[in-house]
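Okay, here's what each chain looks like letter by letter:
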Amino acid sequence: MVTPAEKREHGVAVELAGVRKSYKGRQVLAGVDLRVPPGELLAILGQSGTGKSVLLRQIIGLERPDAGRIVVGGLELPRYLGMPPAEKPFRVAMVFQNAALLASLTVAENVALRLREHSRLQPAEIAALIRRVLEQVELTGTEDKLPGELSGGMRKRVAIARALAIDPELMLYDEPTADLDPILTEQIGQLIARIRTTRGNTQIIVTHNLPLARAVADRIAVLAEGRIAECVTPAELPRSQHPLTREFLRASALAG
Amino acid sequence: MAVEAIARAPRSPGISGRVGARILEVLQILGEATELFFAAARSARFLPVDRDRQRVVAQLVRVGTETLWIGALLSMFVGMVMVVQAAQQVRNVSQEILGPIVGLSMTKELGPVLMGFLLAGRAGSAMAAELGSMTVYDEINALRTMDIDPVRFLVMPRFVAATIALPVLILYADFIGVSGGAAVVAFDPAITITVRAYLDRMLEWVHFSDFVVGLVKGVFFGMIASILPCTFGLRTRGGTEGIATSTTAAVVWSFILILVFDFLIVRATFAF
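Residues numbered from 1 in each chain as written. Chains lettered and ligands numbered in written order. Predicted model: local features only at pLDDT ≥ 70, side-chain atom pairs only at ≥ 80, totals over all residues. Heavy atoms only, no water.

Trainee: Which residues make up the nonpolar core, and what are the values?
Mentor: Counting 49 residues, the largest nonpolar core has V111(A), L134(A), V137(A), I160(A), M171(A) and Y173(A) as the members making the most contacts within it. Per element, the largest residue contribution to this core is 6 residues, and it comes from helix α6 (residues 152–164) of chain A. Among residues more than four places away in sequence, those in contact with V137(A) are R157(A), I160(A), A161(A), L164(A) and L191(A). Counting 39 residues, the second largest nonpolar core, distinct from the first, contains V155(B), I224(B), I227(B) and L228(B). (Core = buried A, V, L, I, M, F, W, Y, C linked by side-chain atoms within 4.5 Å. Buried < 20%, exposed > 50% of the residue type's maximum accessible area, 1.4 Å probe, protein only. Helix = DSSP H or I, 4+ residues; strand = E, 2+ residues; numbered from the N terminus. Contact = heavy atoms within 4.5 Å.)

Here's what the structure looks like:
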């Protein structure tokens, strides 16, 4: 069992200050300020098309912000991204909305990809590690299957296994339950909660699924009009006066 | 009021605007392709690494599987048609010239261009579709987040494999094209020369330098038929429709650039 103290040691802090991003003159992020302490599980909640995924892409470095700064694990993001993989002091992984598994590779090859490219582990050690992470996501026995042979929920879990394989200090999830039915959504939620318990790394989940955010997150940040409108704990959420949060709560109550 | 509103309304670009935009797009694609070419060439320094070499071999096998049979059919029929057509044209002169016609055409021009087109059409379109799909479905971004360089991982193996495979494929096409011609010479009653005479005249006329010209073309065409599809694949936007558009554009552009480079190489060989 991992103690709380050990959990905190495995995560890294994420800080965003004044992050702005526009596409063809349309401002999507209008100055995002956010601080995620090490080991926290933060859910970023917002309506579709409000820039949640764009925000994640800035944090992992797939896109560069027009203005503002992003610091991960005490390092300015451009400096971290410029480091050779072997010299990076911590690892960051992302689970994409559509899983983004390489269609021509098997499950095992997908999960092992980064390890094969950048680690000095022996093939037997990598194989053992793959078995372990696939067991964690309850996909034992799927090693030789191709992504096309798996259901949407299984593909998401393989994507999570691929992220877990490198034991990242920061994990980002882009709409991990999009397109999944309520049962699969619950399974993915349980998996994320389990990762938090066993790994203790920092996790940021972008979602418009309020029940998922309330079930797994330490804090929920509401993204509205390109800014973080509020950042509260799940317990504080029902008392929120922000119109978007109220709207989410109302819609969630209707759906539930 | 109404006049002001009309003046402010965005106007669709005129013909000069559209032509200008198209020229800029063409220049941008050529720029991206050039950049990708140098990036892939730089990544070739990783060839001594086992897994990089394995990826090149896998692509070589794939290119071979996709092109060998159809390449054989294509070359054989081209060789056969050339003999039949040329035999008609020279019926009042001497059919002894059939060997040199087929040999020189295949080694210097038809072999390289046909195989270049075949590589672009079969393997190149597959490259554009595959990389396009990977771009659209975030697989390329997933590689980037794993600190895996998509150029080294995806583009370089295809580039090196196509550049190696095409000259080999051209030699193969030359041999089969000449053999196809020989088969017609042997069995067509309208042709009066022997296979021996067909081959002897050919060997008199076709020199080693003619093969070299074909192979040089093969190297250039192989680069074109891999870099352009990869460029179009990586710049794909907009889902399934975008993948289809990229694939078609990759093949059309490859055909055009193969012909442009064909002209430039021929012109350069006559300059020396």
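Trainee: Could you give an account of the sheet that holds strand β9 (residues 219–224) of chain A, naming the residues involved and the relevant values?
Mentor: Residue and element names in this part refer to chain A. The 6 strands lie next to each other as β6-β7-β8-β3-β9-β10, forming an open sheet whose pairing is mixed. Each end of this open sheet is capped by a strand with a single partner; those strands are β6 (92–95) and β10 (227–232). Mean inter-strand twist for the sheet, computed between neighbouring axes without regard to direction, equals 20 degrees. Pairing of strand β3 (residues 41–45) with strand β8 (residues 202–207), which is carried by 5 bridges, proceeds in the parallel orientation. Looking across to β8, one finds that I44 is bridged to V206. Packing of α6 onto the sheet brings it into contact with β6 and β7 (170–174), and relative to β6 it is tilted by some 175 degrees. In the packing of helix α7 (residues 182–199) onto the sheet, contacts are made with β3, β7 and β8, and the angle to β8 comes to roughly 165 degrees. (Pairing = 2+ DSSP bridges. Axes fitted to C-alpha atoms, helices over the stretch in contact; angles between N-to-C directions.)

Trainee: Describe the sheet that holds strand β4 (residues 67–72) of chain A, naming the residues involved and giving the relevant values.
Mentor: Residue and element names in this part refer to chain A. Within the open sheet, the 4 strands sit side by side as β2-β1-β4-β5. Their pairing is antiparallel. What marks the edges here is a single partner per strand, and that holds for β2 (26–36) and β5 (75–76). By the bridge criterion, 5 bridges tie strand β1 (residues 14–23) to β4 in an arrangement that is antiparallel. Of the residues in β4, the one forming a bridge with E15 is V71. With respect to the sheet, helix α2 (residues 52–60) is in contact with β1, β2 and β4, its orientation differing from that of β1 by roughly 120 degrees.

Trainee: Outline empty space enclosed by the protein, listing residues and values.
Mentor: Summed over the entire model, instances satisfying the criterion amount to 2 cavities of 30 Å³ or more. Here the largest cavity defines a volume of roughly 70 Å³. If you go around the largest cavity, the residues you meet are A93(A), M94(A), F96(A), R114(A), R162(A), A163(A), I166(A), A142(B), T145(B) and M146(B). Contributing elements (two or more residues each) for the lining of the largest cavity: β6 and α6 of chain A together with α5 (139–145) of chain B. Of the residues contributing to the lining of the largest cavity, the split by class is 7 nonpolar, 1 polar and 2 charged. A volume near 40 Å³ is recorded for the second largest cavity. Contributing to the lining of the second largest cavity are Q59(B), R62(B), V63(B), E66(B), A123(B), A126(B) and M127(B). (1 Å grid on protein atoms, 1.4 Å probe; cavity = no way out; pocket = protein on both sides within 12 Å on 5 of 7 lines; lining within 4 Å. Points joined across faces, edges and corners; volume = space filled by probe spheres on them. Nonpolar A, V, L, I, M, F, W, Y, C, P; charged D, E, K, R; others polar.)

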